[in-house]
Amino acid sequence: MDKRFRWWPTTSRYRLILILLLVGAAAVRLALWFLPSHQPANDEVEYLAVARDLLAGNGWRFYDSYPWLRAPLYPLYLAATLWLSNNDPQIALLFNIGLSLVHVWLLWLLGREWAGDQAQAEKVGLWTVGLASGLLTFATFANLWMSETLWNVLWASSLLLMVRWQRTKQLRFALLAGLTIGLTILTRSLPLAFLPVLLGWMWWNWRGWRSVQHGLALGLVTCAVIAPWSLRNWLAYGRLITVETGFAYNLWAFSEPPIELSEINTILAAIPNPAERADYASARGRELLATDPSILARKPWTNTVYLWRIKPIEDRFLQANYYSDVALPYLIVALMFDDVWYIACVVLALWGFARAQRDARWWLGLLWVGYIVGSTMFTHGEARYRQFFWPMMLIYAAFCLAKLRINTPIWQRLAATALGLLIGWVILDHSPWQLLQQQVRRGWWHWQADQALAAGDLPQAEAASLKALSILPSADSWLAFAAIKDQFGQPDAALEAYIAATNHNHDYPLAHYRLGHYLLKRGDQTAASQAWANQYVDSSSLLATAWQAADRPAEDWIDVGAGVDVGLIDGFYPAEILADSTARWSTAKAKLRLPAGKATMLRLRLSNPRPIDAPAAKLQICVAAAQCVHVDSLGAEWRVLHIPLAASQHERQIEMLAQPWQPASDQRQLGIVLDWVEVVR
């Protein structure tokens, strides 16, 4: 590279600051990673399903019955990280965290290079990293199975290479930028339509035949990177799909259709060919716009609000279930480092942009931000789309903090001021400040109730819990109130509160588990089974929630699938009638909770009804860390295994590991079938 380029700061003081910022960023990301595994939301559900299909050798079949076809690179990356982590999604997130730290380091390079040859360039880079390290959004997305982190790394690399090209006019940087831009497009196709704008910027920077050559070279490399996926789509679907079909879906779904999104999704999912599906969605969208062209006039303001407002959606917090109340410390941290930090960065960025020199990099930043904002105005806006122009915002906020400013024309400052007033009004008027205030107040009273309970002051705990309910009712608030009533010795009032929790959110697994567990403690197995068999709650989610709660006493006998095994097993699918018995299929890794004490034998009734062409089960049952039994021959007929058990002072957790297989018409990864478990004493 050019001799002026440095991977690290040139002074030991700045190197230490950068290292401390990277360590701090890593600590925040790991702190979030150590939270209980979160519930997949939004695009995560799709990405995980596609990645698991790829691992199982089923290719891209997921998109045969999905509303759109997605760009391929992130599902491939996720499949690779799942493979490296033994199909453990939580472990796979560690690779994402590593990518996020690379992104932070790239922002140091980008901020420094964006400042050019000015004496404060390294200071700008450090301020950029400081702002990025403090932004909770990046740390949160590092812990999501979403494409944004990979996209950010690739796009930051692309911008860095473009700036290096602008400074050196060397062909190699244009070629490398073409490579990274192509990979960025294969992660999310957003930069595809920006490519002509970028080529125009290159020509404007270096007017002449050489700039045309470099621009064509960049474009050809980008097209060469994308081409294999486009060719694959042509061969698979008989029609050209350059990258993905999300635009066609957005054209219909977000042009004020007269039907619900769920109905649109059902209609499109029934069209097996993604190319035909995209044609159909695009045609419906154009019909809506032709019938009512004023939709185009209404879209920009609506999407402006969606893009800039603060909105507490699922990917804002990492929670085991998104019906859960956000813990007060987590909520306060998010308010400070998501919301206040965001507002401060916007103010600083606009002021930095207003006082920055209008050089080639300034124009590139303006073109990119304008392209993102403009494209969302007429398609679909979301708060998380701000990630696409966060680098520009952070760099120009760093310009402001590093006092890197010059006297600029009044129009430049007035334009930035007007834009700031508009964004500020959107944030202040369209963000849920009342809801956030209620959440903070409710969290405070929950904390007061917990403190009173810890001190044994039940009346004060009840009063604080009622106060929390009066501020903003939630299922968790009802559960906390029910637990207090139970401690008061008021079983009927406790039961009413548990039922109120399930009624507040019908599909909240924890509420239904707590209700069933309470009924079971009262000796009503039938009612407990009915509570756990609720039609609104996914059985696998209920099992996972109950296992994490870990508050049901272990039992010597587990009748798997009979209705009262919740809290004693994990890693199983819903109960089925299999070979005349009510049983459950396991996942690749299943667990059983069994009691402590003296025992002689563990008995399990299980079977392995998988087809001949499926991989062998290779079942391994671990009753202790150093005691695992390998079961080589296990067929479709029921078999009772006898495994010796040693005495244990602690509750036992039995692990069952099996090589999974996937039926042709099923998204599940199946292990073996378990009917019952018994501890013989």
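Our structure's up above, just so we're on the same page.
Keep in mind that this is a model prediction, so the values were computed, not measured.

Definitions and cut-offs
- All chains use their own residue numbering, which begins from 1 and follows the written sequence.
- A pLDDT threshold of at least 70 governs which residues receive local features in this predicted model, and a stricter bar of 80 or more applies before side-chain atom pairs are shown or counted, although totals over entire chains, interfaces and linings include all residues.
- Side-chain measures here rest on the full set of heavy atoms in the structure, leaving out hydrogens and waters.
- Secondary structure elements are defined from DSSP: runs of H or I of at least 4 residues count as helices, runs of E of at least 2 residues count as strands, and each element is numbered from the N terminus.
- Under the convention used throughout, the expected extent of a helix is 1.5 Å for every residue step, that is, one less than its residue count.
- Pairing of N or O atoms within 3.5 Å defines a polar contact, subject to two protein rules: one partner must be a possible hydrogen donor and the other a possible acceptor, and residues neighboring in sequence count only if both atoms are side-chain atoms.
- Using a 1.4 Å probe on the protein chains alone, a residue whose accessible area is under 20% of its type maximum counts as buried, one over 50% counts as exposed, and one in between counts as partly exposed.
- The criterion used for residue contact is that any of the two residues' heavy atoms lie within 4.5 Å.
- Whether two strands pair comes down to DSSP finding at least two bridges between them.
- In this analysis an axis means a line fitted to C-alpha atoms, helices contributing only their contacting stretch, and an angle means the value between N-to-C directions, from 0 to 180 degrees.
- Every angle not falling under 35 degrees, over 145, or within 65 to 115 is termed oblique; those three ranges are roughly parallel, roughly antiparallel and roughly perpendicular.
- Each crossing is labelled by how the near helix is turned from the far one, with a counterclockwise turn of less than a right angle marking it left-handed and a clockwise turn marking it right-handed.
- Polar here means any residue other than Ala, Val, Leu, Ile, Met, Phe, Trp, Tyr, Cys and Pro, which are nonpolar, and Asp, Glu, Lys and Arg, which are charged; Gly is therefore polar.
- Whenever Lys or Arg places a side-chain nitrogen within 4 Å of a carboxyl oxygen from Asp or Glu, that contact is recorded as a salt bridge.
- To count as a disulfide, a pair of cysteine sulfur atoms needs to be within 2.5 Å.
- The arc in question is formed by the directions pointing from the helix axis toward the C-beta atoms.
- For cavity detection a 1 Å grid was placed over the protein atoms alone, and a set of points counts as a cavity when a 1.4 Å probe fits there but cannot get out; an open set counts as a pocket when protein lies on both sides within 12 Å along at least five of seven lines, with lining residues being those that have an atom within 4 Å of a point.
- Grid points are joined across faces, edges and corners, and a volume is the space filled by probe spheres set on the points.

Caption draft 1: Main features of helix H4 (residues 89-114). The first and last C-alpha atoms of H4 sit 36 Å apart over 26 residues, in line with the 38 Å expected at 1.5 Å per residue. For H4, the N-terminal cap is Asp88; the gap from its side-chain oxygen to the backbone nitrogen of Gln90 is 3.0 Å. Two residues or fewer past H4, Gly116 is found with a positive phi of approximately 75 degrees.

Caption draft 2: Focus on the side chain of Ser255. Assignment of secondary structure puts Ser255 in the loop between helix H11 (246-253) and helix H12 (261-269). Classification of Ser255 by relative accessible area gives buried; the value is 0%. Of the polar contacts made by the side chain of Ser255, one reaches the backbone oxygen of Leu251; its length is 2.5 Å. A distance of 3.2 Å separates the side chain of Ser255 from the side chain of Lys299, its partner in a polar contact. When neighbours within four sequence positions are excluded, Ser255 is seen to be in contact with Asn250, Leu288, Leu289, Ile295 and Lys299.

Caption draft 3: Representation of the pairing of strand S6 (residues 619-624) within the structure. In terms of strand pairing, S6 meets strand S7 (residues 627-631) through five bridges, oriented antiparallel. Each residue of the ladder has a partner; that of Gln620, found in S7, is His630. Sheet topology note: the S6/strand S9 (residues 652-657) ladder contains three bridges and is antiparallel. If you follow Ile621 over to S9, its bridge partner there is Met656.

Caption draft 4: Seen up close, the packing of H4 against helix H7 (residues 148-168). Remark: H4 packs on H7, axes separated minimally by 9 Å, with the N-to-C direction vectors making an angle of 25 degrees. On the basis of the axis angle, H4 is roughly parallel to H7. Between H4 and H7 lies a crossing whose hand is left-handed. When H4 is examined against H7, the residues Asn96, Leu99, Ser100, Val102, His103, Leu106, Leu109, Leu110, Glu113 and Trp114 are found in contact with a partner set consisting of Thr149, Leu150, Asn152, Val153, Ala156, Ser157, Leu159, Leu160, Val163, Arg164 and Arg167. For the contact of H4 with H7, the residue count by class is 12 nonpolar, six polar and three charged.

Caption draft 5: Broad picture of the pattern of salt bridges. One pass over the full model with this rule turns up 28 salt bridges. Put simply, Glu382 and Arg384 hold a salt bridge, and the shortest N to O gap is 2.8 Å. Judged by its relative accessible area of 8%, Arg384 is buried. Here Arg681 ties to Asp556 by a salt bridge, and the two come within 2.9 Å at their closest N and O atoms. Here Arg681, found in the segment after strand S10 (673-680), pairs with Asp556, found in the loop between helix H25 (539-549) and strand S1 (557-559); they are 125 residues apart in sequence, far enough to count as distant. Judged by its relative accessible area of 46%, Arg681 falls in the partly exposed class.

Caption draft 6: Geometry of the state of the cysteines. According to the stated counting rule, one finds one disulfide in the structure shown. For Cys622, the disulfide goes to Cys628, at an S-S distance of 2.1 Å. Because the torsion about its S-S bond is 105 degrees, the bridge between Cys622 and Cys628 counts as right-handed. Judged by relative accessible area, Cys622 falls into the buried class, the value being 9%. For Cys628, a relative accessible area of 32% gives the class partly exposed. Here Cys345 is not disulfide-linked; the sulfur of Cys400 is the nearest cysteine sulfur, at 11 Å.

Caption draft 7: Here's a closer look at helix H1 (residues 12-33). For H1, spanning 22 residues, the distance from its first C-alpha to its last is 31 Å, which sits close to the expected 32 Å at 1.5 Å a residue. The set of residues buried in H1 consists of Tyr14, Leu18, Leu22, Ala25, Ala26, Arg29, Leu32 and Trp33. Burial along H1 is one-sided: seen end-on, the buried residues are contained in an arc of 125 degrees. Structural note: H1 exposes Ser12, Arg13, Leu20 and Val23 on the side pointing more than 90 degrees away from its buried face. As for H1, its buried residues are in contact with H4, helix H5 (121-134), helix H6 (136-142) and helix H15 (328-354).

Caption draft 8: Structural view of the pairing of S10. Within S10, six of the eight residues are buried, which leaves it mostly tucked inside the rest of the structure. Relative to S10, S1 runs antiparallel, the two sharing three bridges. Paired with Ile558 across the two strands is Val677, which belongs to S10. Direction of pairing for strand S4 (residues 581-594) relative to S10: antiparallel, over a ladder of two bridges. Bridged to Arg584 within S10 is Leu674. In this sheet, S10 lies alongside strand S5 (residues 601-607) in antiparallel orientation, the contact comprising seven bridges. Along S10, the bridge assignment pairs Ser607 with Val673.

Caption draft 9: Structural detail: empty space enclosed by the protein. Across all of its chains, the model carries four cavities of 30 Å³ or more by this definition. The computed volume of the second largest cavity comes to approximately 40 Å³. When residues of the lining of the second largest cavity are traced back to their parent elements, those giving at least two are H1 and H4. Along the lines of polarity and charge, the residues of the lining of the second largest cavity split into six nonpolar, four polar and no charged.

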